[in-house]
Amino acid sequence: MSYGGYGAPPGGGGYGAPPGGGYGAPPGGGYGGGYGAPPPANSGYGGGFAPPGGGHRGPPPGADPQLWNWFTSVDTDRSGSITAPELERALINGDWTPFDLDTVKLLMSMFDVDRSGTITFNEFAGLWKYIKDWQNVFRHFDRDRSGSIDGPELRDALAQFGYNLSPQLLDLVQRKYANQTAVHGGPPPGISFDRFVRACVVVKQLTEAFQKIDTDRDGWIQINYDQFMQTVLTLP
Ligand code: CA
Ligand code: CA
Ligand code: CA
């Protein structure tokens with residue numbers, strides 16, 4: 001039994017569900033500042049949305065004005081919904097590098113609840129909260145405040161989520177999601193915010209796929225080719 005306590009990434013929300021809140025429900029409080037206040041200067045730490053540019057339509061009745069402000073700044077063509085390219089342009093890591101397209105697609109697939117291919121304002125509320133929650137997780141585990149997650153930081157994060165990966169597996173994850181290739185003989189390079197989110201989500205999804213088959217939870221499964229292919233191909 002090597003995959004630990006079946007933990008979940010932050011908030012414990014199910015796949016696709018924003019941690020804690022329901023769709024359409026405005027978040028409980030202002031993020032960082034009061035409603036309408038500009039985001040705090042350090043809100044981009046780790047990564048997240050680039051600050052909104054301003055110039056927007058009025059929010060729908062009952063909408064959180066700050067959230068609406070962000071939504072309209074991401075919806076650059078004012079179509080009323082957010083496409084993958086619009087989301088890609090809006091998301092940045094703490095070091096100002098853009099999110100990988102893979103991460104953008106993963107987020108789209110998780111929060112495009114009605115499978116329309118775009119993110120509406122109601123869907124955006126979940127996405128926004130999810131990224132905010134991950135910012136806090138990233139901040140927590142980036143102990144040396146380097147802006148990236150190194151090997152020991154990754155180990156602590158995954159362990160806290162309940163995934164007890166062997167050192168070899170941790171090294172594999174670190175190298176797969178690191179932003180540069182390792183210098184020969186040196187330590188694996190760090191993982192940026194967006195790749196950290198992706199790494200954790202992928203570990204969660206793979207673990208859950210395994211657990212589905214490992215019905216007696218002994219850490220072993222026996223599957224045939226067909227089941228293996230089906231498991232791998234149905235992963236997002
Ligand atoms: Ca749009
Ligand atoms: Ca949608
Ligand atoms: Ca670090």
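Described in the following lines is the structure provided in the data block. Each chain has its residues counted from 1, running along the sequence as written. Chains and ligands are labelled by the order in which they are written, letters from A for the one and numbers from 1 for the other. A pLDDT threshold of at least 70 governs which residues receive local features in this predicted model, and a stricter bar of 80 or more applies before side-chain atom pairs are shown or counted, although totals over entire chains, interfaces and linings include all residues. Side-chain figures throughout are based on the complete set of non-hydrogen atoms in the structure, without hydrogens or water.

## Here's the deal with the coordination of the calcium ion (ligand 2)
Protein-derived ligands of the calcium ion (ligand 2) are Asp112 (OD), Asp114 (OD), Ser116 (OG), Thr118 (O), Glu123 (OE) and Glu123 (OE), with the metal-ligand distances lying across 2.2 to 2.6 Å. In this description, a donor is an N, O or S atom within 2.8 Å of the metal centre, a cutoff extended to 3.2 Å for sodium, potassium and calcium. Water is not part of the atom list, which can make sites seem incomplete. Written as a sequence motif, the donor residues of the calcium ion (ligand 2) are D-x1-D-x1-S-x1-T-x4-E. With a 1.4 Å probe rolled over the protein chains alone, any residue whose accessible area is under 20% of its type maximum counts as buried; one over 50% counts as exposed, and the rest are partly exposed. Owing to a relative accessible area of 44%, Ser116 belongs among the partly exposed residues under this scheme.

## A look at the coordination of the calcium ion (ligand 1)
Ligation of the calcium ion (ligand 1) by protein atoms is provided by Asp75 (OD), Asp77 (OD), Ser79 (OG), Ser81 (O), Glu86 (OE) and Glu86 (OE), these donors lying 2.3 to 2.6 Å from the ion. Any coordination sphere not matching a tetrahedral pattern (four donors, all angles between 85 and 135 degrees) or a square planar or octahedral pattern (four or six donors, opposite donors over 155 degrees apart, other angles between 65 and 115) is reported as irregular. The coordination sphere of the calcium ion (ligand 1) comprises six donor atoms, whose angles at the metal cover 53 to 162°; the geometry is irregular. Counting residues between consecutive donors of the calcium ion (ligand 1) along the chain gives the motif D-x1-D-x1-S-x1-S-x4-E. The class of Asp75 is buried, set by a relative accessible area of 0%.

## As for the packing of helix α3 (residues 101-111) against helix α4 (residues 121-141)
For helices, the fitted axis covers only the stretch in contact; all axes are lines through C-alpha atoms, and the angles between them, taken along N-to-C directions, range from 0 to 180 degrees. Strands are runs of DSSP state E lasting at least two residues, helices are runs of H or I lasting at least four, and both sets are numbered from the N terminus onward. With their axes 9 Å apart at the nearest point, α3 and α4 run at an angle of 130° to one another. The angle between α3 and α4 falls in the class oblique. Judged by the sense of rotation from one axis to the other, the crossing of α3 with α4 is right-handed. Together, Leu107, Met110 and Phe111 of α3 and Glu123, Gly126, Leu127, Tyr130 and Ile131 of α4 make up the contact between the two elements. Residue composition of the contact of α3 with α4, by class: six nonpolar, one polar and one charged. Comment on the angle field: the value is read as roughly parallel under 35 degrees, roughly antiparallel over 145, roughly perpendicular from 65 to 115, and oblique elsewhere. A crossing counts as left-handed when the near helix is turned anticlockwise from the far one by less than a right angle, and as right-handed when that turn is clockwise. Only heavy atoms enter the contact rule, under which two residues are in contact if any of them lie within 4.5 Å. Residues are grouped as follows: Ala, Val, Leu, Ile, Met, Phe, Trp, Tyr, Cys and Pro are nonpolar; Asp, Glu, Lys and Arg are charged; all remaining types, including Gly, are polar.

## Section: the packing of aromatic side chains
Each aromatic ring pair is summarised here by two numbers: the centre-to-centre distance and the angle between the ring planes. Put simply, two rings from Phe, Tyr or Trp (the six-membered ring, in Trp's case) pair if the centres are within 6.5 Å, and we call them stacked under 30 degrees between planes, edge-to-face over 60, tilted for the rest. Scanning all chains against the criterion turns up 17 aromatic pairs. Here the aromatic rings of Trp70 and Trp128 are separated by 4.7 Å at their centres, their planes lie at 45°, and the arrangement is tilted. On the criterion of sequence distance, the pair formed by Trp70 in helix α1 (residues 65-74) and Trp128 in helix α4 is long-range, its members being 58 residues apart. Here Trp70 falls in the buried class, since its relative accessible area comes to 4%. What makes Trp128 buried here is its relative accessible area of 3%. Three or more aromatic residues joined by ring pairs form one cluster here, namely Phe99, Phe111, Tyr130, Trp134, Phe138, Phe141, Phe161, Phe193 and Phe196.

Everything listed here is a matter of coordinates, which is why it stays silent on function.
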